[in-house]
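Structural overview for review
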Amino acid sequence: VQLQAFGGGLVQAGGSLRLSCAASGIIFSRNVMGWYRQAPGKQRDLVAAITTDGSTNYPDSVKGRFTISRDNAKNTVYLQMNSLKPEDTAIYYCNSHRNYGLGVKDYWGQGTLVTVSS
């Protein structure tokens, strides 16, 4: 299984970035896909999630600024980030999650660094 995240970089406050995560080795359409982030010295937190039927979930900190989407034909999940703030600076990780009934399986990508300058 591989989750390869792309698109991080350095951007000024107020700018935008689009992250992509290409998945292989999983039945992509049957997985909930998510983006998490981890800033130095902090825990890893959920940024956005999208279910198999396209329902989305965001914490208040990014609601209205970030949009998650998925393309099942391309096995790819995206995170469009607008109106970026310095506090959005973190390593962003892609996650796949599947509930098998008797258990769950999570996979993580390698992370991509997003740096927002003030």
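What this report covers is the structure whose coordinates are included nearby. Keep in mind that what you see is a predicted model, and the values were worked out from it rather than measured.

**A word on the overall build of the protein chain**
Along its length, the protein chain carries zero helices and eleven strands. Secondary structure elements of the protein chain occur, N-terminal to C-terminal, as β-β-β-β-β-β-β-β-β-β-β. Taken over C-alpha atoms, the radius of gyration comes to 14 Å for the protein chain, in line with the 13 Å a tight globule of 118 residues would show. Judged by the C-alpha coordinates and their principal axes, the protein chain covers about 45 × 30 × 25 Å.

**With respect to the pairing of strand S8 (residues 76-81)**
Strand residues, when the strand is regular, have side chains that alternate between the two faces of the sheet. Most of S8 is tucked away: five of the six residues are buried. Alignment of strand S3 (residues 17-24) against S8, held across six bridges, turns out to be antiparallel. In the sheet register, Ser20 faces S8, and the bridge partner there is Tyr78. Judged from the six bridges that link them, strand S7 (residues 66-71) and S8 form a sheet pairing that is antiparallel. Within S8, the residue paired with Asp71 across the bridge is Thr76. Remark: four residues form the turn of the hairpin made by S7 and S8, two consecutive strands paired antiparallel; Asn75 in that turn has positive phi of roughly 50°.

**Description of the packing of aromatic side chains**
Inspection of the entire model under this criterion finds one aromatic pair. When the ring centre of Trp108 is taken as reference, the NZ or CZ atom of Arg44 above it lies at 4.7 Å. Across the ring face of Phe28, the terminal group of Arg70 is positioned such that the distance to the ring centre comes to 4.7 Å.

**A short note on unusual backbone geometry**
Of note, the phi angle at Asn75 is positive, near 50°, even though the residue is not glycine. Assignment of secondary structure puts Asn75 in the loop between S7 and S8. For Ser83, which is not a glycine, the phi torsion comes out positive at approximately 50°. Topologically, Ser83 is positioned in the loop between S8 and strand S9 (90-99). Assessed through its relative accessible area of 41%, Ser83 is described here as partly exposed.

**Details of the sheet that holds S7**
Strand order in the open sheet formed by four strands is S1-S3-S8-S7, with antiparallel pairing between adjacent strands. In the strand order of this sheet, the two ends are held by strand S1 (2-6) and S7, each with one partner. Each adjacent strand pair in this sheet contributes to an overall mean axis angle of 15°, direction not counted.

**Looking at the side chain of Arg70**
Here Arg70 lies in strand S7. Asp53 provides the closest opposite charge to the buried, unpaired Arg70, separated from it by 7.6 Å. Within polar-contact distance, the side chain of Arg70 engages the backbone oxygen of Phe28 at 2.7 Å. Within the structure, Arg70 has its side chain in polar contact with the side chain of Asn72 (distance 2.9 Å). Not counting the four nearest positions on each side in its chain, Arg70 is found in contact with Phe28, Ser29, Asn31, Val32, Met33, Ile50, Thr51, Thr52, Thr76 and Val77.

Here is what the cut-offs are and how they apply
Residues numbered from 1 in each chain as written. Predicted model: local features only at pLDDT ≥ 70, side-chain atom pairs only at ≥ 80, totals over all residues. Heavy atoms only, no water. Helix = DSSP H or I, 4+ residues; strand = E, 2+ residues; numbered from the N terminus. Rg over C-alpha atoms; globule rule 2.2 N^0.38 Å. Buried < 20%, exposed > 50% of the residue type's maximum accessible area, 1.4 Å probe, protein only. Pairing = 2+ DSSP bridges. Phe/Tyr/Trp six-rings, centres within 6.5 Å; stacked < 30°, edge-to-face > 60°. Lys NZ or Arg CZ within 6 Å of the ring centre and 35° of its normal. Axes fitted to C-alpha atoms, helices over the stretch in contact; angles between N-to-C directions. Lys, Arg positive; Asp, Glu negative; His and termini not counted. Salt bridge = Lys/Arg side-chain N within 4 Å of Asp/Glu carboxyl O. Polar contact = N/O pair within 3.5 Å; in protein donor to acceptor, adjacent residues only side chain to side chain. Contact = heavy atoms within 4.5 Å.

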